[in-house]
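For reference, the chains in residue letters:
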Amino acid sequence: MNSVKSSSVVVAGHPCRVLQAGTGAPVVFFAGVGGLPKWSPFLDALSGTHRVIAPSLPGFPGAVDFRHLDDYHEWVVAALELLEAIGEPSIDLLASSVTGPLAAEVAGLARERVRRLVLVAPFGMYDDVDPTTDIWAQRPGPDVLPALLCDNPEHWKQLWEMPAGEDPVEWGIYLTRAMEAAARYLFPMGNTGIAKRLYRIHQPTLLVNGANDRVIPASYQQRFATRLGGPVVMQTVAAAGHLVDFDQPAELARQINAFLVDQRY
Amino acid sequence: MKNLWFHLMPYKDLPDDFRETHPSVWVDIDSRLLDGARVHEHYHEYLDELEYAGEVGFDGVCCNEHHQNGYGLMPSPNLIAAALTRRTNAPMICVMGNSLALYNPPTRVAEEFAMLDCMSGGRLIAGFPVGTPMDTVFAYGQNPSKLRDRYLEAHDIVMKAWTTPETFSFNGRYNQLRYVNVWPRPVQRPHPPIWIPGGGSIETWQWCAEMDYVYCYLSYFGYKAGEATMKGFWEEMRRLGKDRNPYRAGFLQFVGVAETREEAYRLYKEPAEYFYGRCLHVDPRFASPPGYQSEATIRARVQSQVAQAAAQARAAAAAGASARTWDDIVDAGYVIIGSPDEVAEKLREVCVNLNVGHLMLLLQFGNMEHDLVRYNTKLYAERVLPQLRDLFDDQYEDRWWPKPLQQRAVPRAVA
């Protein structure tokens, strides 16, 4: 495992943790539902080929404050300010799940800063005929979210295993808070209107989904693809659920690396 | 002490196998269960019952707000209250209440409550619940992360709209209104009494204390489960330096009266099992959206005695929520049954222990037939209520009771 550096940046007066490891071209990763309770096997795999920068978006583990952000627009600005605070002039931007639309908006608005875009099972659209799963209306219980979000629930449980010495109440709040943060800009149906703005993304974009995603229907990948303004590559990862980075970290890292270095785009 | 007659207005024809064949009574309950002709009958029967309660001497009659709910047919309680203003003249009309964050703009509540207060001649009690997750977050799509803030801002708009003589602008976080000047204004000045139905969150207790509002615990699980919550409430009041005036509090209790306890046991079994078996069959996936409960409440629940009292209440309720047979329901205290003297003695004890001066009674529950509702109501009014009326009156003033007009209009005969 590459040694991971932890630092902090300030976005609109509120601190956000930044985890970093690896060498090479910089990639920034916005984590999916629940955020990153710790440095993950996916980030570790990707840091074998890239300098991986994993900032915490407001409300996700590593960044406590988020209720100052009232609407989707303010969240997009916060995501942009997070990139500005990290300070890299040009990065590849990767985002999973609930943070997908924020990354897509930033890619469309800050074209000079985002070289390439990777969206893994992104939220942002809703179709009555093929609806997404309501992640905020789930029965209580320790096995429910893992089974919903991952093809193998153990992958979730491993990443969310409470470290020794941690307060169990606070540990539980990390997840509740991250679910609330995502709800704050996506509730009730995750329809952000991004469909109207995807044309702004001229950068080459990789769309990835898990073959067994129980949250975002498979058809949504094509909905994103047809609207993007630049070259699009679409991939599906076998034996992966909604959080592809949890279920197939090495394979996802391999596919992302292959796309990022592909000279055809 | 005040005795108020509360109606939930349940749909009485949920099938016998409802629990097995339907996942939830709330939010996504199957609309094909509804028969409009039966709903028509229900509304008139239930209004008859509320009017009857006023006739036989209850101090107030109550309605409430629920959405997409098989046990509550009042998505608009104000419509029910409006009907009551015409055919009742004595009882106070307690709308428990308008779920403030669901009204756009919030001035709608200020207006409709002002209408109700004027129509009733100053008999309105204004209830402002935050609202359950089922009603607010899932039926009405309100963001759980913003619900309480929206509610508080809506409250501020309503109160300012009632008490500011001039037209004013409101430049809020969630509402921007340039010209606020509600017509009419309430008859009661500065405003009707404000009661807040809550479910045990510490923020609600603290807010009620700060604002000098009545805190009403509308639990369906009776006095045993309610004791821990009310203990927690009064402990918080003590900590905040408030007096123990029981009229600061309201409490909901199901009651079934008959000449003997055995008779009550026989009469009220089916409607109680209907209510607790079918009406409370809520899919737990709707119970706890993230952000509905504040982090402070989550932490406090394991950190303070007050919170532990609330936690015990919830645990008692959760454990008791499995009580669906009549014996368990009675043993757990969800429904107090007995002869008039037994019921009066028990309720007196409950009100003293919980220190509650506003007792809200559910004398219609589940699929109870109309004749039984009248019987329960009449027997309570004639033989129970008189034994309770004097409680607390020599010690405390009810500062949260309406002050109606002395002279009130009476509807003329139609022909």
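Just so we're clear, the structure is a prediction, and the values are computed from it rather than from any experiment.

The rules we used
Residues numbered from 1 in each chain as written. Chains lettered and ligands numbered in written order. Predicted model: local features only at pLDDT ≥ 70, side-chain atom pairs only at ≥ 80, totals over all residues. Heavy atoms only, no water. Helix = DSSP H or I, 4+ residues; strand = E, 2+ residues; numbered from the N terminus. Rg over C-alpha atoms; globule rule 2.2 N^0.38 Å. Buried < 20%, exposed > 50% of the residue type's maximum accessible area, 1.4 Å probe, protein only. Contact = heavy atoms within 4.5 Å. Areas by Shrake-Rupley, 256 points an atom, 1.4 Å probe, with all protein chains shown as cover. Lys, Arg positive; Asp, Glu negative; His and termini not counted. Charge placed at Lys NZ, Arg CZ, Asp CG, Glu CD. Patch = residues over 30% accessible without salt bridge, like charges linked within 9 Å, V, L, I, M, F, W, Y side chains within 5 Å. Salt bridge = Lys/Arg side-chain N within 4 Å of Asp/Glu carboxyl O. pLDDT = per-residue confidence, 0-100. Pairing = 2+ DSSP bridges. Right-handed = clockwise from strand over helix to strand, strands pointing away. Buried area = accessible area lost by both parts, 1.4 Å probe. Polar contact = N/O pair within 3.5 Å; in protein donor to acceptor, adjacent residues only side chain to side chain. Nonpolar A, V, L, I, M, F, W, Y, C, P; charged D, E, K, R; others polar.

Draft legend 1. Structural view of the overall build of chain B. Scanning chain B for helices and strands turns up 14 helices and eleven strands. For 415 residues, the compact-globule formula gives about 22 Å, and the C-alpha radius of gyration of chain B, at 20 Å, lands near that figure. The burial tally for chain B puts 60% of its 415 residues in the buried class. A separation threshold of at least 6 residues defines the contact pool for chain B, and within that pool the share at least 24 residues apart is 79%. Of the roughly 16900 Å² of accessible surface on chain B, 49% is carried by carbon and sulfur atoms. Considering chain B, the positive charge centre built from 43 side chains and the negative charge centre built from 52 side chains are found 6 Å apart.

Draft legend 2. Summary view of a negative patch on the surface. Residue and element names in this part refer to chain B. There is a patch of like negative charges on the surface, built from Glu 262, Asp 341, Glu 342 and Glu 345. If one sorts the elements of the negative patch by residue count, helix 13 (residues 340-354) sits on top with three residues. Assignment of secondary structure puts Glu 345 in helix 13. For Glu 345, a relative accessible area of 57% gives the class exposed.

Draft legend 3. Focus on the confidence of the model for chain B. Residue-level pLDDT values for chain B average 93, and 95% of them are 70 or greater. With pTM at 0.95, the complex prediction returns an ipTM value of 0.95.

Draft legend 4. Here's a closer look at the pairing of strand 3 (residues 92-95) of chain B. Residues and elements named next belong to chain B. Where burial is concerned, the two faces of strand 3 agree: the one with Met 92 and Cys 94 and the one with Ile 93 and Val 95 are both buried. When strand 2 (residues 60-63) meets strand 3, the two strands line up parallel, connected through four bridges. When the sheet's bridge partners are listed, Cys 62 is paired in strand 3 with Cys 94. For the segment spanning strand 2, helix 3 (residues 77-87) and strand 3, crossover handedness is right-handed. When strand 3 meets strand 4 (residues 124-127), the two strands line up parallel, connected through three bridges. Bridge pairing in strand 4 places Cys 94 opposite Ile 125.

Draft legend 5. A look at the interface of chain A and chain B. At the interface, 22 residues of chain A touch 21 residues of chain B. Here chain A meets chain B over a buried area of about 1800 Å², counting both sides, of which 53% is carbon and sulfur. Three residues, Arg 139, Arg 184 and Phe 187 of chain A, lead the burial of chain A against chain B; their summed loss comes to 29% of the area buried on that side. Between Glu 295 of chain B and Arg 67 of chain A there is a salt bridge whose closest N-O contact spans 2.9 Å. Across the chain A-chain B interface, the total number found is eleven residue pairs in polar contact (both at pLDDT 80 or more). When its residues are assigned to classes, the side of chain A that touches chain B shows ten nonpolar, three polar and nine charged.

Draft legend 6. Layout of unusual backbone geometry. Backbone torsion omega between Phe 187 of chain A and Pro 188 of chain A reads 5°, so that peptide bond is classified as cis. Considering the arrangement of structural elements, one finds Pro 188 of chain A in the loop between helix 6 (168-186) and strand 7 (205-210). The omega angle of the peptide bond from Met 96 of chain B to Gly 97 of chain B is 5°, so this bond is cis rather than trans. Topologically, Gly 97 of chain B is positioned in the loop between strand 3 and helix 4 (107-119).

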